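Notes for the structure review
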Amino acid sequence: MSASSGIPVVYTEEVREALHDGAAVVALESNVITHGLPYPDNAATARKVEDAVRAGGAVPATICIEAGRIRVGMSDSDIERFASLPDIPKVSSRDMPLVLAGGGLGATTVASSVVAAELAGIAFFSSAGIGGVHRGAQETWDVSSDLIQFTRSKVAVVCAGAKMILDLGLTLEYLETQCVPVVAYRSDDFPAFYCRTSGHRAPHRLDDEQVIARAVEAHWALGNNSSFLITTPVREEDAIDSAEVDTAIREAVARAAADGISGQGITKYLMRAVDAATDGRSARANMAVLASCAEAAGRLAVAHATHLAERTGR
């Protein structure tokens with residue numbers, strides 16, 4: 001257990017030893033378990049994501065909250081328990097102090113996971129897709145807390161961009177304004193979750209994992225206390241055509257407005273509409289994105305750990 005920040009952080013033995021040895025570790029969110037697929041598919045997916053991190057050469061550290069502590073690394077029985085228990089709350093970064101104080105269970109989102117990863121000393125985090133600026137945010141001010149947290153947490157975030165239900169142009173503008181680097185790994189475009197392209201070019205492209213590792217460290221060495229965003233597109237055979245998804249979203253947005261659906265309910269409404277329009281292909285693509293991002297994050301975390309070891313002579 002570590003509590004140097006005043007917040008108790010508990011590690012599994014595997015994660016603790018990897019961090020002590022300077023080995024590559026990739027943090028993962030537990031919200032995928034509790035608020036993703038139904039049981040037992042959610043547990044199977046969580047294990048596949050951890051296996052993908054291992055395939056990339058790193059140690060997975062799925063994060064959750066329990067008994068007033070941040071738990072870094074979940075055992076197989078922990079995953080099974082979180083997958084089968086109903087009503088475990090989704091915990092974003094703003095909710096963390098309340099859930100920690102209350103002593104209950106909590107499943108971490110992207111925003112809370114990067115908070116926990118930094119506290120735990122883990123440099124890399126993987127997610128299928130980040131939140132962003134919502135469509136119509138000029139009127140609603142609906143901006144994901146993920147973006148806000150990226151301005152505050154020194155963690156390299158590996159993902160497949162953001163969902164097309166968002167305004168991806170404004171999402172990129174926000175990240176630029178906040179000086180959060182966005183690098184496309186072996187791709188020219190900013191991806192859109194299970195679509196290989198959002199229609200927007202990425203600000204930077206880097207193909208060499210060692211160069212990315214050096215860029216991550218240079219970002220923080222320059223005094224920045226923000227995240228470093230690395231995108232990797234889903235494999236072509238698992239992708240869904242972006243035009244097909246965009247059409248489904250536009251139709252669903254119109255129906256949502258007519259039905260009076262807004263706020264936190266809009267994301268789930270739109271995602272279900274896309275799943276229906278693609279005959280379930282989007283749900284299968286979602287699982288593929290989780291795994292492909294996790295494997296890429298594993299490789300990149302290994303390159304980063306190697307760079308640190310060479311720099312320090314460890």
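A short tour of the structure in this document, coming up. What you see as residue numbers is a count from 1 along each chain, following the sequence as written. Per-residue local features of the predicted model are confined to residues with pLDDT of at least 70, and side-chain atom pairs are confined, for both listing and counting, to 80 or more; whole-chain, interface and lining totals are unaffected and use all residues. No hydrogens and no water enter the side-chain calculation; it runs on all heavy atoms of the structure.

1. What to know about the overall build of the protein chain
Broken down by element type, the protein chain carries 13 helices and 13 strands. Only the C-alpha atoms count toward the radius of gyration. The rule for a globule is 2.2 Å times the residue count to the power 0.38. For 314 residues, the compact-globule estimate of 2.2 N^0.38 gives 20 Å, and the protein chain sits close to it at 18 Å. Reported as C-alpha extents along the three principal axes, the dimensions of the protein chain are approximately 55 × 40 × 35 Å. Sorting the 314 residues of the protein chain into buried and exposed places 50% on the buried side. Contact definition: two residues touch when any of their heavy atoms are within 4.5 Å. The contacts in the protein chain between residues at least 6 apart in sequence include a share of 74% that link residues at least 24 apart. Runs of E in the DSSP output that reach at least two residues are strands. Runs of H or I that reach at least four are helices, and both are numbered from the N terminus. Summary of the burial criterion: residues with accessible area below 20% of their type's maximum are buried, those above 50% are exposed, and those between are partly exposed, where the area comes from a 1.4 Å probe applied to protein chains only.

2. Looking at the state of the cysteines
We call a pair of cysteine sulfur atoms a disulfide when they lie within 2.5 Å. Going through the model one piece at a time under the given rule, you end up with zero disulfides. No disulfide involves Cys195; its sulfur sits 13 Å from the nearest other cysteine sulfur, which is in Cys293.

3. Comments concerning the pattern of salt bridges
When a carboxyl oxygen of Asp or Glu is within 4 Å of a side-chain nitrogen of Lys or Arg, the pair counts as a salt bridge. Under the criterion given, the structure shown has 16 salt bridges. Measuring nitrogen to oxygen at the nearest pair gives 2.8 Å for the salt bridge that ties Arg71 to Asp78. Across the salt bridge formed by Arg205 and Asp188, the nearest N and O atoms sit 3.0 Å from each other. In this pair, Arg205 is assigned in strand β12 (residues 204–206) and Asp188 in the loop between β9 (182–185) and β10 (189–192), connecting sequence segments 17 residues apart. Sharing partners across several salt bridges, the network here consists of Glu66, Arg71, Asp78 and Arg81.

4. Considerations on the side chain of Ser187
Among the secondary structure elements, Ser187 is positioned in the loop between β9 and β10. At 3.4 Å, the side chain of Ser187 forms a polar contact with the backbone nitrogen of Asp189. Setting aside its immediate chain neighbours within four residues, Ser187 contacts Arg205, Asp207 and Pro233. Throughout this description, a polar contact denotes any pair of N or O atoms lying within 3.5 Å of each other; where both atoms belong to protein, one of them has to be capable of donating a hydrogen while the other can accept it, and for residues adjacent in sequence the pair is counted only when both atoms sit in side chains.

5. Here we look at the packing of aromatic side chains
To pair, rings of Phe, Tyr and Trp, with the six-membered ring standing in for Trp, must have centres within 6.5 Å; the planes then decide the type, stacked if under 30 degrees apart, edge-to-face if over 60, and tilted in the middle. Applying the stated criterion across every chain yields a total of one aromatic pair. Measuring from ring centre to ring centre gives 5.0 Å for Phe193 and Tyr194, while their planes differ by 55 degrees; the resulting arrangement is tilted. Each member of the pair, Phe193 as well as Tyr194, is classed as buried.

6. As for the packing of helix α3 (residues 41–55) against helix α13 (residues 281–312)
Under this scheme, a helix contributes an axis fitted over its contacting stretch, all axes are lines through C-alpha atoms, and angles between N-to-C directions fall in the 0 to 180 degree range. It is at 6 Å that the axes of α3 and α13 come closest, and there the two elements cross at 30 degrees. Compared by their axis directions, α3 and α13 come out roughly parallel. Between α3 and α13 lies a crossing whose hand is right-handed. Contacts between α3 and α13 involve Thr45, Val49, Ala52, Val53 and Ala55 from the former and Met287, Leu290, Ala291, Ala294, Glu295 and Gly298 from the latter. Throughout this entry, Asp, Glu, Lys and Arg are counted as charged residues, while Ala, Val, Leu, Ile, Met, Phe, Trp, Tyr, Cys and Pro are counted as nonpolar. The remaining residues, Gly among them, count as polar. When its residues are assigned to classes, the contact of α3 with α13 shows eight nonpolar, two polar and one charged. Working rule for angles: under 35 degrees goes down as roughly parallel, over 145 as roughly antiparallel, 65 to 115 as roughly perpendicular, anything else as oblique. The sense of a crossing depends on the near helix, which, turned anticlockwise from the far helix by less than a right angle, makes the crossing left-handed and, turned clockwise, makes it right-handed.

7. Here's the deal with the side chain of Ser227
Mapping Ser227 onto the fold places it in the loop between α10 (209–221) and β13 (228–231). In this structure the side chain of Ser227 is engaged in a polar contact, spanning 2.7 Å, whose partner is the backbone oxygen of Ser153. Not counting chain neighbours up to four residues away, the residues in contact with Ser227 comprise Phe150, Ser153, Val155, Val157, Val180, Pro181 and His219.

8. Quick word on helix α6 (residues 110–120)
One full turn of an α-helix is made of 3.6 residues, so residues set three or four places apart face in the same direction. Along α6, nine of the eleven residues are buried, which leaves the element largely enclosed by surrounding structure. For α6, the set of buried residues is Val110, Ala111, Ser112, Ser113, Val114, Val115, Ala116, Ala117 and Ala120. Of the residues trailing α6, Gly121 is marked for its positive phi of about 80 degrees.

Interpretation note: all reported values are geometric properties and have no functional meaning in isolation.
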